Amino acid sequence: MNLLVNFVKDLWATPVFRNLFWNVVVAILFVAFRIWYTTSNAYSMLLWNLFLALIPYGVSQWLQLRPALASNKALFVFFFAVWLAFVPNTFYLATDMYHLGEVSGISLWYDLIMLILFAWIGIYVGFVSMLQMESLTICYWGQFWKRAFMPIMIVLNAIGIYLGRVLRFNSWDVIHEPMQLVVALLDLFNHPLQHKSAWVLIAGFSVFIGLVYKSIRTSSVFQK
């Protein structure tokens, strides 16, 4: 318990976490008000998706604040695997805008603002988490990953979004249904021409995530 309390204290000391915390609070209030106003739980799934998106940030932040854990290669590989399984959930939040207009009961503008807010949090926490894990990977696994880490992660995130949004897999299926997941991936790679729409989606998300990442990396604000 003391370890968890100390971790929360360390988190609160970081400006990024405090900013993320208030973003999350506002997002939850948006959903809570919608549920109260419409008496419908139609968008309550956003809260679960938000929780899943915060897991990789928790993992990367934990490793960043606990260098002894990150420096242990066996533990780092374990935490990295957990992080890798959940990190697509961050950018996946942006795809929930797909549901805009499916449920009435409140102004469409309200739902649009709410979905944009969740998408923003997902993109924000996704990049923060990836940048943290990139830094740790370079530090403990060598300079090779300075160039390779982000391109690989961007594509893997795009594939993860496809698996979740289209094929309806989730992060838990790495444990619950690993064979079905492996079969789906092998089919995707072995028969690319049969999955042209899938590869268009993956390419599109890869370009989108890559452009946002490039913009963050080159912005004067980030450099400061």
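The structure this text deals with has already been given above.
Cut-offs and rules
Residues numbered from 1 in each chain as written. Predicted model: local features only at pLDDT ≥ 70, side-chain atom pairs only at ≥ 80, totals over all residues. Heavy atoms only, no water. 1 Å grid on protein atoms, 1.4 Å probe; cavity = no way out; pocket = protein on both sides within 12 Å on 5 of 7 lines; lining within 4 Å. Points joined across faces, edges and corners; volume = space filled by probe spheres on them. Helix = DSSP H or I, 4+ residues; strand = E, 2+ residues; numbered from the N terminus. Polar contact = N/O pair within 3.5 Å; in protein donor to acceptor, adjacent residues only side chain to side chain. Contact = heavy atoms within 4.5 Å. Salt bridge = Lys/Arg side-chain N within 4 Å of Asp/Glu carboxyl O. Buried < 20%, exposed > 50% of the residue type's maximum accessible area, 1.4 Å probe, protein only. Expected span 1.5 Å × (residues − 1).

Okay, the layout of surface pockets next. By volume, the largest pocket is sized at about 660 Å³. The wall of the largest pocket is formed by 29 residues, among which Ala85, Pro88, Gly160, Asn170 and Ser171 lie closest to the centre. For the lining of the largest pocket, the secondary structure elements donating two or more residues are α3 (45–65), α5 (73–86), α6 (88–95), α8 (144–165) and α10 (178–190). Of the residues forming the lining of the largest pocket, the biggest block, eight residues, is contributed by α8.

Okay, the side chain of threonine 90 next. Looking at the secondary structure, you find threonine 90 in helix α6. A polar side-chain atom of threonine 90 sits 2.6 Å from the main-chain carbonyl oxygen of valine 87. Once residues within four sequence positions are removed from consideration, threonine 90 is found in contact with Ala53, Pro56, Gly122, Ile123, Val125 and Gly126.

This paragraph deals with the pattern of salt bridges. As enumerated under the stated definition, the model contains four salt bridges in all. Taking the shortest distance from any N to any O, the salt bridge between arginine 165 and aspartate 96 comes out at 2.9 Å. You can see arginine 165 sitting in helix α8 and its partner aspartate 96 sitting in the loop between α6 and α7 (108–141), a full 69 residues away along the chain. Assigned by exposure class, arginine 165 and aspartate 96 land together as buried. With a shortest N-O distance of 2.5 Å, glutamate 134 and arginine 217 are connected by a salt bridge. Taken together, the positions of glutamate 134 in helix α7 and arginine 217 in helix α11 (residues 196–218) put the pair 83 residues apart, joining distant regions of the chain. Residue glutamate 134 is classed as buried on the basis of its relative accessible area, which comes to 5%.

On to α11, then. An ideal rise of 1.5 Å per residue puts 33 Å on 23 residues; α11 measures up with 32 Å between its terminal C-alpha atoms. Where α11 is buried, its residues meet α6, α7, α8 and α10.

Next up on the list: the environment of lysine 73. Turning to its location among the elements, lysine 73 is positioned in helix α5. The class of lysine 73 is exposed, set by a relative accessible area of 51%. In this structure the C-alpha to C-alpha distance between lysine 73 and proline 56, which are 17 residues apart in sequence, comes to 18 Å.

These figures come from the coordinates and say nothing about function on their own.
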